[in-house]
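One letter stands for each residue in the lines below.
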Amino acid sequence: NNEIDGLISISSDPCGVNSSSITAASELHIPVTGSGGTSLSVAAADCGVNLVGNAGGSVATTTYTRAVSYVCALVDAMRGRTSVRGRRRKRQQQLTMKMKMTMKTRTKMLR
């Protein structure tokens, strides 16, 4: 339904409990990143997911550096995908309109 642009997988079980999300990511060509080198390797090899970024490598890293790595990998993978840009632009327009309406309402209340 084009609402999910990327998947961050943290030590998932691609052949078990997480098989539906991994299969969906593969079928929809959604970029996948995360930790758990073995599980991500299985997802890439057996399920054909679009693995991006550094898969695994959670030893001697902080949660912050891993989070930054995941986001950077997904952003890099999504560059040039017009659907992501179009949705972001539409959402920004919606928020701008909402802010304008809020400002008009506040102005009226102050009068």
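Refer to the structure above for everything that follows.
Residues numbered from 1 in each chain as written. Predicted model: local features only at pLDDT ≥ 70, side-chain atom pairs only at ≥ 80, totals over all residues. Heavy atoms only, no water.

**A closer look at the sheet that holds strand β3 (residues 50-51)**
- One open sheet accounts for three strands, arranged β1-β2-β3; its pairing is parallel. If you trace the sheet from one side to the other, it starts and ends with β1 (7-10) and β3, each paired once. (Pairing = 2+ DSSP bridges. Helix = DSSP H or I, 4+ residues; strand = E, 2+ residues; numbered from the N terminus.)

**Observations regarding the pairing of β1**
- Sheet analysis places β1 next to strand β2 (residues 31-35), joined by four bridges and oriented parallel. Within the sheet, the bridge partner assigned to I8 lies in β2 and is T33.
- Read as a crossover between parallel neighbours, the route from β1 over helix α1 (residues 19-27) to β2 is right-handed. (Right-handed = clockwise from strand over helix to strand, strands pointing away.)

**Some thoughts on the environment of I8**
- Structurally, I8 can be placed in strand β1.
- Using a relative accessible area of 42% as the deciding quantity, one classes I8 as partly exposed.
- Separated by 63 residues in sequence, I8 and V71 have C-alpha atoms that sit 8.8 Å apart.
- Leave out the neighbours within four places in its chain, and I8 touches T33, G34, Y70 and L74. (Buried < 20%, exposed > 50% of the residue type's maximum accessible area, 1.4 Å probe, protein only. Contact = heavy atoms within 4.5 Å.)

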